[in-house]
Amino acid sequence: MKKEIVAVVVFWLCVVGVSLLWGLNKEKNEHKQLAFETARAFFQQVLVTREWNAEHGGVYVPVTEKVYPNLFLDDPSRDIVTDKGSKLTKINPAYMTRQLANIASRQKGIKFHITSLKPIRPQNKPNRWEKEWLETFDLGADEQGAFFTGEPGPSFRYMAPLLVEESCLQCHSKQGYEIGQVLGGISITIPYLAQKKSIGILIGSGVTGVVGIIIILWGGFVLNRKDPS
């Protein structure tokens, strides 16, 4: 009887273990899906604002200590002075993206980085993982994303490509780009969408396992009393 009870306990633990792994994997996939959806929403919002800017041929804003002329914008009308003497500078889509990134990082801890394998601005040079993902875009990938652990903690990084549009050629035609090609990408790092194992799933599986073992042992004890042989 003891061998049968041990076999049943082992079988039960296997069932609980498989259920635990299934639950943790399901939660992992849900976290990843949520992270992708959130990052895509941010990316699309940036694209919308960039398109609005491009449709207006750039927008002029006052020159301040925080907003200064874009040294990498090759445009003879980049800087103007109003009749009242106010100095204005043109903000193109790329410069506006950097401005938005500063606000998002300061307020929400979300980091945007516009980057390219052939950057005009040195600060737009990709880091290691950005470079790897940019190369996949040239091969046809439409987005990339992954969890990682760093400072200040677990985060999700995402990147999608920026394609060359007609408005991009003003600055990038000299680099040999054509409409429809991959110009670069925007990486987005979200610190609060970390992949976490659910304590609830672990506790639930543990309790289920213990209760099941108790029931099996009790049932074996009762059967053994009825049939001591």
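Presented here is an overview of the structure given in this document. The residue count restarts for each chain, going from 1 along the sequence in the order it is written. Local features are withheld for residues below a pLDDT of 70 in this predicted model, meaning they are given only at 70 or higher, and side-chain atom pairs are given and counted only at 80 or more; totals for whole chains, interfaces and linings count all residues. As a rule here, side-chain values cover all heavy atoms of the structure and leave hydrogens and water aside.

Quick look at the overall build of the protein chain now. Per the convention used, a helix needs a DSSP run of H or I reaching at least four residues, while a strand needs a run of E reaching at least two, with both numbered from the N terminus. Helix and strand content of the protein chain: five helices and seven strands. Helices and strands appear in the protein chain in the N-to-C order α-β-β-β-α-β-α-β-β-α-β-α. When each of the 229 residues of the protein chain is scored for burial, the buried share is 34%. When the accessible area of the protein chain is evaluated, it comes to approximately 14800 Å², of which 60% is carbon and sulfur surface. Buried means the residue's accessible area, taken with a 1.4 Å probe over protein chains only, is under 20% of the maximum for its type, while exposed means over 50%, and partly exposed covers the values in between. What sets the accessible areas is the Shrake-Rupley method with a 1.4 Å probe; for residues, cover comes only from the shown protein chains.

Here a helix's expected span is defined as the number of its residues, less one, multiplied by 1.5 Å. The end-to-end C-alpha distance of helix H2 (residues 93-108), which contains 16 residues, comes to 21 Å, matching closely the 22 Å that a straight helix rising 1.5 Å per residue would cover. The complete set of buried residues in H2 reads Pro-93, Tyr-95, Met-96, Thr-97, Arg-98, Ala-101 and Ala-104. Looking at the residues trailing H2, positive phi occurs at Gly-109, about 75 degrees.

On the secondary structure map, Thr-189 appears in strand E7 (residues 182-190). Setting aside its immediate chain neighbours within four residues, Thr-189 contacts Gly-109, Ile-110, Lys-111, Trp-129, Phe-148, Ser-155, Phe-156 and Arg-157. Any pair of residues with heavy atoms lying within 4.5 Å of one another is described as a contacting pair.

Quick look at the sheet that holds strand E5 (residues 144-149) now. Ordered in space as E4-E7-E6-E5, the four strands form an open sheet in which the pairing is antiparallel. Of all the strands in the sheet, the pair left with one neighbour each is strand E4 (111-115) and E5. Within the sheet, the average angular offset between the axes of one strand and its neighbour, ignoring direction, is 20 degrees. At least two bridges found by DSSP between two strands is the condition for calling them paired. Pairing of E5 with strand E6 (residues 154-163), which is carried by six bridges, proceeds in the antiparallel orientation. When the sheet's bridge partners are listed, Phe-148 is paired in E6 with Ser-155. Across the sheet, helix H3 (residues 128-138) is in contact with E4, E5, E6 and E7; its angle to E6 comes to roughly 40 degrees. All axes here are fitted lines through C-alpha atoms, helices being fitted over the stretch that makes contact, and every angle between N-to-C directions spans 0 to 180 degrees.

We now examine the nonpolar core. Here is a general trend for soluble globular proteins: nonpolar side chains tend to be buried in one another's company. Counting 17 residues, the largest nonpolar core has Phe-43, Ile-110, Phe-112, Phe-156, Tyr-158, Ile-186 and Ile-188 as its most contacted members. Counting only elements with at least two residues in this core, the list comes to helix H1 (2-55), H2, E4, E6 and E7. With five residues, H1 is the single largest residue contributor to this core. Not counting the four nearest positions on each side in its chain, Ile-188 is found in contact with Ala-39, Phe-42, Phe-43, Ile-110, Lys-111, Phe-112, Phe-156, Arg-157 and Tyr-158. Think of a nonpolar core as a cluster: buried Ala, Val, Leu, Ile, Met, Phe, Trp, Tyr and Cys residues, connected wherever their side-chain atoms sit within 4.5 Å.

Opposite charge on two side chains permits them to pair, given that their charged atoms come into close proximity. Salt bridge, as applied in this entry: a Lys or Arg side-chain nitrogen positioned within 4 Å of an Asp or Glu carboxyl oxygen. A complete count under the given rule lists five salt bridges for this structure. A salt bridge links Lys-90 to Asp-75, with the nearest nitrogen and oxygen atoms 2.9 Å apart. Of the two residues, Lys-90 is situated in strand E3 (residues 87-91) and Asp-75 in the loop between strand E1 (59-62) and strand E2 (79-81); the sequence distance between them amounts to 15 residues. For Lys-90, a relative accessible area of 9% gives the class buried. Exposure remark for Asp-75: the relative accessible area of 13% places this residue in the buried category.

Taken together, the buried positions of H3 are Trp-129, Glu-130, Trp-133, Leu-134 and Phe-137. The buried residues of H3 occupy one face: seen down the axis, they fall within an arc of 135 degrees. The inward-facing, buried residues of H3 contact E4, E5, E6 and E7. One side-chain oxygen of the residue at the start of H3 lies 3.3 Å from the amide nitrogen of Trp-129, identifying that residue as Asn-127. In the stretch just after H3, Gly-140 is the one whose phi turns positive, near 115 degrees. This arc is taken over the directions from the axis of the helix to the C-beta atoms. Whenever a nitrogen or oxygen atom comes within 3.5 Å of another N or O atom, the pair is scored as a polar contact, on the condition that within protein one atom can donate a hydrogen and the other can accept it, and that pairs from neighbouring residues in sequence are kept only if both atoms are in side chains.

Patch membership requires more than 30% relative accessible area and the absence of a salt bridge. Residues of like charge join within 9 Å; the nonpolar side chains Val, Leu, Ile, Met, Phe, Trp and Tyr join within 5 Å. Taken together, Leu-71, Phe-72 and Ile-120 make up a surface patch of nonpolar side chains, about 300 Å² in accessible area. By the secondary structure assignment, Leu-71 is in the loop between E1 and E2.

Strand order in this open sheet of three strands is E1-E3-E2, and the pairing throughout is antiparallel. If you trace the sheet from one side to the other, it starts and ends with E1 and E2, each paired once. Across the sheet, the mean angle from the axis of one strand to that of its neighbour is 35 degrees, orientation sign disregarded.

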